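Below, each chain spelled out in residue letters.
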Amino acid sequence: MKKLKNNSLMIIVFIFLIGFIIYGIYEYDMSYSFMTQNYYSIKNKCEQQIIESNNRYSFCEDFDKEQPPVKLDALNLSFYVINYTSFSLLLPFIPLLIIAMGIRKLYKEMKSGIFRNIILIKGYHYYIIQSVKQVVKYSLFIPVIIIIIFILSLLYTKSLDYTSSLNLNMNYMDAKYFHNIELFLSNYLIVLILNAIFWLNLGLIVLKKSRNYVISIVFSYILYLGYSIIAEILSGFIFPNIPILNSINLYNYMKPGNIWGYDGINSLMSMLFYSIILVLISSVVVFFKYRKKESVIIANEV
């Protein structure tokens, strides 16, 4: 019961996201059903020769060449749900949710003073390392959600044949990624994990001196938004004017929301490299924030 209470926020967020995933699949199903009904309605009218048009014969002849709507495969439906349904409205707030879940336990320990008793027994550096590990593990929450999206999509479509979607130009990720789908999916999940670690590091940076849990989350998110704005300005307006950088198209890599859709991304390794840089820089800041026991204790005096 205590474990359930400690993870209540994660459970609420999980159920909340699952609801949006299911609704996203429902949105697709409604669209697919409409297209299917529309197709067979026109087909039936053509067969009964009741199309009201001066060019009925030409229209129906062209229509006969059309194929009935085909359901997306599980992979493309997953990307469709993530980027083109109501679920996509949540994407800008995923960092906020991850930070809120990740720093909750550490916030309670620090602001209640419990951490002082723990460091007396186990030592400060041991406690900080274990605490950071505890926070960072929430970066795995996103791949879990992505996998659930895929599983629910598979249950709906019952198809893993993404080649049919590619042939019909119904792919919701660039076709080039499907040529080595294992590499792409691995990179996709790793980049999401790295970005989640970056978000959690922002939470740790703000947490040290914050006196309020909600304020900690809000300021961490503001810090993330600040990074997003700076990244947009640098990659969209400044870097293109630098000769050595203007041919790289850094905007697509630095645009925060592009980790979900990969719009205009030509190099998976560059996407991965940029995410690693974010983690390294933010981790260095976290290290300097928490390296001195005295400063942490003073910052969290009750």
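As a starting point, this report considers the structure included with it. Quantities reported herein were computed from a predicted structural model and do not represent experimental measurements.

Now for the overall build of the protein. When its secondary structure is counted, the protein shows 16 helices and zero strands. Against the compact-globule benchmark of 19 Å for 302 residues, the protein has a radius of gyration of 25 Å, which places it well outside the compact range. Along the first, second and third principal axes, the C-alpha set of the protein runs to 85 × 60 × 30 Å. Considering the protein as a whole, with its 302 residues, one finds that 42% of them fall into the buried category. Accessible surface for the protein amounts to roughly 16,900 Å². Of this, 65% is attributable to carbon and sulfur atoms. Of the charged side chains in the protein, 26 are positive and 17 negative, and the gap between their average positions amounts to 25 Å.

Looking now at empty space enclosed by the protein. Within this structure, the stated rule accounts for two cavities of 30 Å³ or more. What the largest cavity holds in volume is close to 60 Å³. Around the largest cavity sit L17, F87, I94, I98, F141, I142, I145, I146 and W260, which together line it. Looking at the lining of the largest cavity, the elements that each hand over two or more residues are α5 (94–102) and α9 (141–157). In terms of residue class, the lining of the largest cavity is made up of nine nonpolar, no polar and no charged. Approximately 40 Å³ is the volume found for the second largest cavity. Around the second largest cavity, the lining residues are N195, Y227, Y253, M254, K255, P256, I259, M271, Y274, S275 and L278. At the level of elements, α13 (250–254) and α15 (268–290) are the ones that each hand at least two residues to the lining of the second largest cavity. A total of four residues in the lining of the second largest cavity trace back to one element, the largest contributor, which is α15. The class makeup of the residues in the lining of the second largest cavity is eight nonpolar, two polar and one charged.

All right, on to the environment of Y84 then. Here Y84 lies in helix α4 (residues 74–84). Linking Y84 and E27, residues 57 residues apart in sequence, is a C-alpha distance of 9.7 Å. Leaving out residues up to four positions away in the same chain, Y84 has contacts with F79 and Y172.

Bringing helix α12 (residues 213–238) into the picture now. Given a rise of 1.5 Å per residue, 26 residues ought to cover 38 Å, and the 36 Å separating the end C-alpha atoms of α12 matches this to within 8%. Of the residues making up α12, those classed as buried are Y213, S216, I217, S220, Y221, Y224, Y227, S228, A231 and S235. The elements touched by buried residues of α12 are α2 (8–47), α5, α6 (104–112), α11 (181–207), α13 and α15. The residue sitting at the N-terminus of α12 and contributing the capping side-chain oxygen is N212; that oxygen lies 2.9 Å from the backbone nitrogen of V214.

How each quantity is defined
- Residues numbered from 1 in each chain as written.
- Predicted model: local features only at pLDDT ≥ 70, side-chain atom pairs only at ≥ 80, totals over all residues.
- Heavy atoms only, no water.
- Helix = DSSP H or I, 4+ residues; strand = E, 2+ residues; numbered from the N terminus.
- Rg over C-alpha atoms; globule rule 2.2 N^0.38 Å.
- Buried < 20%, exposed > 50% of the residue type's maximum accessible area, 1.4 Å probe, protein only.
- Areas by Shrake-Rupley, 256 points an atom, 1.4 Å probe, with all protein chains shown as cover.
- Lys, Arg positive; Asp, Glu negative; His and termini not counted.
- Charge placed at Lys NZ, Arg CZ, Asp CG, Glu CD.
- 1 Å grid on protein atoms, 1.4 Å probe; cavity = no way out; pocket = protein on both sides within 12 Å on 5 of 7 lines; lining within 4 Å.
- Points joined across faces, edges and corners; volume = space filled by probe spheres on them.
- Nonpolar A, V, L, I, M, F, W, Y, C, P; charged D, E, K, R; others polar.
- Contact = heavy atoms within 4.5 Å.
- Expected span 1.5 Å × (residues − 1).
- Polar contact = N/O pair within 3.5 Å; in protein donor to acceptor, adjacent residues only side chain to side chain.

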